[in-house]
Amino acid sequence: MNLQAGWETVLNSPWMMVGMTVAGFHIGSKLYNHFGKTPVLHPVLIGLAITIGCLVTLGISFQEYRQGADMIYQLLGPVTVALAVPMYTRLAYIRQAATAVTVALLIGGGLAVLSALGFMWIAGADAAMLATTSTKSITGAIAMQVSEGIGGSGALAAVIVLVTGVAGAIVAPAIFKALKIDSEAAQGFALGVSAHAVGTARSFEISETAGAFAALGMSLMGIVCAILIPLFASFF
Amino acid sequence: MLHSVLVLIAFQLLGEFIQASFDLPIHGAICGMLLLLVVLIIRGRVSAPLRTTANSLFQYLPLILIPPSVGVMTQWQALTAQPFALGAVIVLSTAIGLAVSGFLFQRLARKGPSA
């Protein structure tokens, strides 16, 4: 009997990588639901921390993990393609407030991206970091792939996107109160445009209307950024 | 179900084809997503199986996001070099986005006839 050999095999098995990822996400989801869906305990954030914790403890490198977890990794493509379905459905809501939607999206969403880029530029960030930051307000799946397409880091984009979503969901109530933004549609739209999926989840807690407009804002922001960011990036 | 999965794979491949052929700075999947969106807009409807397949996939979207995000462990320096500055930039720019988009939406939607 050679327990050492058995342990080595398990450590190198792709199912070890898949297993720790699924377990991390499962624990993250349980915690998130248990503590009343507070954005700080976002399941991806917890799952990510648990997975990285396991890798560091077991001494597995990212390259080994990446190879093993490839079967999950590859699914990102078709799932991203599938995002077109909810996007199409939400476009119908535009008719209810076309001007408001267009102006709030372009100016509000535009300022969110440009201000982040401006601050990062002042802080002395390099081109790759700026490319990564430009995707901060888009939903994770799209942000990651847009960032990689223009020379940024997909992984870093994913983390920045998560922090953006969590921060947005937390500061939103104070901002809405200060500026007297009391319309549910406006609150939802702002959350969707600025804090993507995390903001959208938050909006559904406000009301169905807020959630619908958040989903619309998130979708439009995703579409516009997926087209405009690579376009602008190609000039630099 | 299987038919809808094939539709998604077909658009993924079409996206990859266009991305590579025109050397676009957009990922193949994003290309495929935009193409599918255009096709849906032209057709004017989504088939029920495609909607069901998409929704069942979205249940696992957060899980699927974890493996690519784990790459951040190799970029620890970029994150921790100036954690305070990075955090401040994110919070501040997100707050600006929330304030401006929310304020403009409320103003303009109230003036509009249908809102």
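What you see is a predicted model; the values in this text were computed from it and never measured.

Definitions and limits used
- Each chain carries its own residue numbering, running from 1 in the written order of its sequence.
- Written order decides the labels, with chains lettered from A and ligands numbered from 1.
- Thresholds applied to this predicted model are a pLDDT of at least 70 for local features of residues and 80 or more for the giving and counting of side-chain atom pairs; totals over whole chains, interfaces and linings are not thresholded and use all residues.
- Strands are runs of DSSP state E lasting at least two residues, helices are runs of H or I lasting at least four, and both sets are numbered from the N terminus onward.
- To get the radius of gyration, use the C-alpha atoms; to get the globule rule, take the number of residues to the power 0.38 and multiply by 2.2 Å.
- Three classes are used. A residue is buried when 20 or more other C-beta atoms lie within 10 Å of its own, exposed when 12 or fewer do, and partly exposed in between, with C-beta atoms placed from the backbone.
- By the criterion used throughout, residues are in contact when their C-beta atoms, derived from the backbone, lie within 7 Å.
- Where each domain begins and ends is defined by an automated method or by a domain database.
- Nonpolar core, as used here: buried Ala, Val, Leu, Ile, Met, Phe, Trp, Tyr and Cys residues forming one set through C-beta atoms within 7 Å.
- Throughout, an axis means a line fitted to C-alpha atoms (over the contacting stretch in the case of helices), and angles, computed between N-to-C directions, take values from 0 to 180 degrees.
- Roughly parallel refers to an angle under 35 degrees, roughly antiparallel to one over 145, roughly perpendicular to one between 65 and 115, and oblique to any angle outside these ranges.
- Here is the rule for handedness: rotate from the far helix to the near one, and if that takes an anticlockwise turn smaller than a right angle the crossing is left-handed, while a clockwise turn gives right-handed.
- All residues other than Ala, Val, Leu, Ile, Met, Phe, Trp, Tyr, Cys, Pro, Asp, Glu, Lys and Arg, Gly among them, are scored as polar; the first ten of these are nonpolar and the last four charged.

The next thing to look at is the overall build of chain A. Secondary structure assignment for chain A yields 13 helices and zero strands. Element order for chain A, N to C, with α for helix and β for strand: α-α-α-α-α-α-α-α-α-α-α-α-α. Over its C-alpha atoms chain A spans a radius of gyration of 19 Å, differing by no more than 12% from the 18 Å that the globule rule assigns to 236 residues. In terms of principal-axis extent, the alpha carbons of chain A reach across some 70 × 45 × 35 Å. The buried share among the 236 residues of chain A stands at 53%. Within chain A, contacts between residues at least 6 apart in sequence are counted, and of these 59% link residues at least 24 apart.

Examined at the domain level, chain B breaks down into domain 1 (1-61) and domain 2 (77-115). Computed over C-alpha atoms, the centres of domain 1 of chain B and domain 2 of chain B are 30 Å apart.

This part covers the nonpolar core. Of all hydrophobic cores here, the largest spans 111 residues; its most connected members are Ala84(A) and Phe189(A). In terms of residues, this core owes the most to one element, helix 11 (residues 154-178) of chain A, which gives 15 residues. Look past the residues within four positions of Phe189(A) in its chain and what remains in contact with it is Ala104(A), Phe213(A), Ala214(A), Leu216(A), Gly217(A), Ser101(B) and Phe105(B).

Moving on, we come to the packing of helix 10 (residues 140-149) of chain A against helix 11 of chain A. Residues and elements named next belong to chain A. In the contact formed by helix 10 and helix 11, the axes pass within 8 Å of each other and the chain directions differ by 140°. By the angle class used here, helix 10 and helix 11 are oblique. By crossing handedness, the relation of helix 10 to helix 11 is classed as right-handed. Residues Gly140, Ala143, Met144, Gln145, Ser147 and Glu148 of helix 10 touch helix 11, and the partners they reach there are Gly154, Ala157, Ala158 and Val161. A class-by-class count of the residues in the contact of helix 10 with helix 11 yields five nonpolar, four polar and one charged.

Time to look at the packing of helix 2 (residues 14-34) of chain A against helix 4 (residues 61-70) of chain B. Where helix 2 of chain A contacts helix 4 of chain B, the axes come no closer than 10 Å and their chain directions differ by 130°. Judged on the interaxial angle alone, helix 4 of chain B and helix 2 of chain A are oblique. The handedness of the crossing between helix 2 of chain A and helix 4 of chain B is right-handed. Seen from helix 2 of chain A, the contacting residues are Thr21(A), Val22(A), Gly24(A) and Phe25(A); seen from helix 4 of chain B, they are Pro62(B), Leu63(B), Ile66(B) and Pro67(B). When grouped by side-chain class, the residues that make up the contact of helix 2 of chain A with helix 4 of chain B number six nonpolar, two polar and no charged.

The next point concerns the domain arrangement of chain A. Frequently, the measure chosen for interface size is the accessible area that the parts lose on association. Residues and elements named next belong to chain A. Assigned domains of chain A: these are domain 1 (3-74) and domain 2 (84-233). Of note, the centres of domain 1 and domain 2, computed from C-alpha atoms alone, are 27 Å apart. On the domain 2 side, the residues contacting the five residues of domain 1 number six residues. Of the residues in the side of domain 1 that touches domain 2, the class split is four nonpolar, one polar and no charged.

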